[in-house]
Amino acid sequence: IASDVASNLIEGGIRLAIFLIYLKIISLMPEIRRVFAYHGAEHKVVNAFEAGVPLEVKDVQKHSTAHLRCGTAFLLIVLVVALLTFAFLGRPPLWIRLLERVFLLPVIASVSYELLRASAKFGHGGVMKWVFAPGLALQSMTTRQPDDDQVEVALSALNDEEQRIGRHHAQDAARHAHPRRVLRVAHEQAVGAVLVEAHVGVGGGPGISVGAALALK
């Protein structure tokens, strides 16, 4: 191919195709399908949490298994940003191309992360909704509809994360605040944790990472 840009775009397109084929193949495996169901449960709980609805299984099940800030969407953004970046770097010797990829990887990851964050703010309407739509569509491969038990596991993970953050806030207050304020903050955190646990109605169990949702709330 005479055009360097066209050649690099085709190369990037092949990488993207390999990624999609890989996801499709592993999504056919029974064990992975179960993992993807837990992935869907995590998204349902995060969507319910961000919507401010009661965190009960029946209410959580009404929400989507897709989420704009999903890691699957992030991987797709990384691949697309890398494709567009490397398309305009020409076709230098192999060792230079390898160095370019190594040194540009942090830049590509950083830009992709900022785009993922932007999707949370701008991805719900207008033109940007369609820009981020492929990431949501791709999650049809990496999520499955969970059963109620899997949703309870995700709720338990959210509850554990809320308690962990509560303890962290109390410890941070202890380092910086007046002793009387420390006691008040610790009391509020303890009462809040009890209320959350009573409201969710589930105990401990295997965890799913939902800290990002709490941090971005």
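Let me begin by describing the structure that accompanies this report. Note that the coordinates shown come from a computational prediction; the quantities given were computed from them, not determined experimentally.

Here we look at empty space enclosed by the protein
- Enumeration over the complete set of coordinates arrives at one cavity of 30 Å³ or more.
- Within this model, the largest cavity holds a volume of roughly 30 Å³.
- Lining the largest cavity are Asn8, Glu11, Gly12, Arg15, Leu83, Phe86 and Arg101.
- At the level of secondary structure, the elements contributing two or more residues to the lining of the largest cavity comprise α1 (4-26) and α4 (71-87).
- Tallying contributions element by element places α1 first for the lining of the largest cavity, with four residues.
- In the lining of the largest cavity, the residues fall into two nonpolar, two polar and three charged.

Looking at helix α2 (residues 30-51)
- Its 22 residues give α2 an end-to-end C-alpha distance of 31 Å, which sits within 8% of 32 Å, the value for a rise of 1.5 Å per residue.
- Following α2 by one or two positions, Gly52 has its phi on the positive side, about 75 degrees.

Points about the nonpolar core
- One finds Ala41, Val45, Ala48, Phe49, Leu55, Val57, Val60, Val151, Ala154, Leu155 and Leu158 forming the largest nonpolar core, which totals 11 residues.
- Of all the elements in the fold, those that place two or more residues in this core are α2, α3 (57-60) and α8 (148-176).
- In contact with Val151, not counting residues within four places along its chain, are Ala41, Val45, Val57, Val60, Gln61 and Pro146.
- Counting eight residues, the second-largest nonpolar core is a separate cluster that includes Val78, Val81, Phe86 and Leu116.

Quick word on the packing of aromatic side chains
- In this structure the tally under the stated criterion is zero aromatic pairs.
- Sitting over the face of the ring of Phe86, Arg101 holds its NZ or CZ atom 4.3 Å from the ring centroid.

Comments concerning the pattern of salt bridges
- In the structure shown here, the tally under the stated rule is eight salt bridges.
- Ionic pairing is found between Glu11 and Arg15, a salt bridge with its closest N-O pair at 2.9 Å. Taken as a pair, Glu11 and Arg15 lie in helix α1 at a separation of four residues, close to a single helical turn.
- What makes Glu11 partly exposed here is its relative accessible area of 27%.
- For Arg15, a relative accessible area of 30% puts it in the partly exposed group.
- Here Arg69 makes a salt bridge to Glu50, at a shortest N to O gap of 2.4 Å. With Arg69 in the loop between α3 and α4 and Glu50 in helix α2, this residue pair connects regions lying 19 residues apart in the sequence.
- Residue Glu50 is classed as partly exposed on the basis of its relative accessible area of 30%.
- Overlapping salt bridges, with partners in common, bring together Glu11, Arg15, Arg97 and Arg101 in one network.

The rules we used
Once a new chain begins, its residue numbering starts again from 1 and follows that chain's sequence as written. Reporting of local features is limited, given that this is a predicted model, to residues whose pLDDT is at least 70; pairs of side-chain atoms are given and counted only at 80 or more, and all residues count toward the totals for whole chains, interfaces and linings. Note: side-chain values were computed over all heavy atoms of the structure, leaving out hydrogens and water. Space inside and on the surface of the protein is sampled on a 1 Å grid over the protein atoms alone, with a cavity defined as a set of points where a 1.4 Å probe fits but cannot get out and a pocket as an open set with protein on both sides within 12 Å along at least 5 of 7 lines; lining residues have an atom within 4 Å of a point. Grid points are joined across faces, edges and corners, and a volume is the space filled by probe spheres set on the points. Only DSSP runs of H or I covering at least 4 residues are called helices, and only runs of E covering at least 2 are called strands; the numbering of each starts at the N terminus. Classification used: nonpolar for Ala, Val, Leu, Ile, Met, Phe, Trp, Tyr, Cys and Pro, charged for Asp, Glu, Lys and Arg, polar for all others including Gly. Between the first and last residue of a helix there are one fewer steps than residues, each counted as 1.5 Å, and that sum is the expected span. Definition used in this section: a nonpolar core is a set of buried Ala, Val, Leu, Ile, Met, Phe, Trp, Tyr and Cys residues joined via side-chain atoms within 4.5 Å. Remark: exposure states derive from per-residue accessible area (1.4 Å probe, protein chains only) relative to the maximum for the residue type, with buried under 20%, exposed over 50%, and partly exposed in between. Should any heavy atoms of two residues lie within 4.5 Å, those residues are counted as being in contact. Each aromatic pair joins two rings of Phe, Tyr and Trp (for Trp, the six-membered one) with centres within 6.5 Å, and gets the label stacked for planes under 30 degrees apart, edge-to-face for over 60, and tilted for any other angle. Lysine NZ or arginine CZ positioned within 6 Å of the ring centre and within 35 degrees of the ring normal marks a charge as sitting over the ring. Basic side-chain nitrogens of Lys or Arg form a salt bridge, by our definition, when they fall within 4 Å of a carboxyl oxygen of Asp or Glu.

Nothing here speaks to function; it is all geometry.
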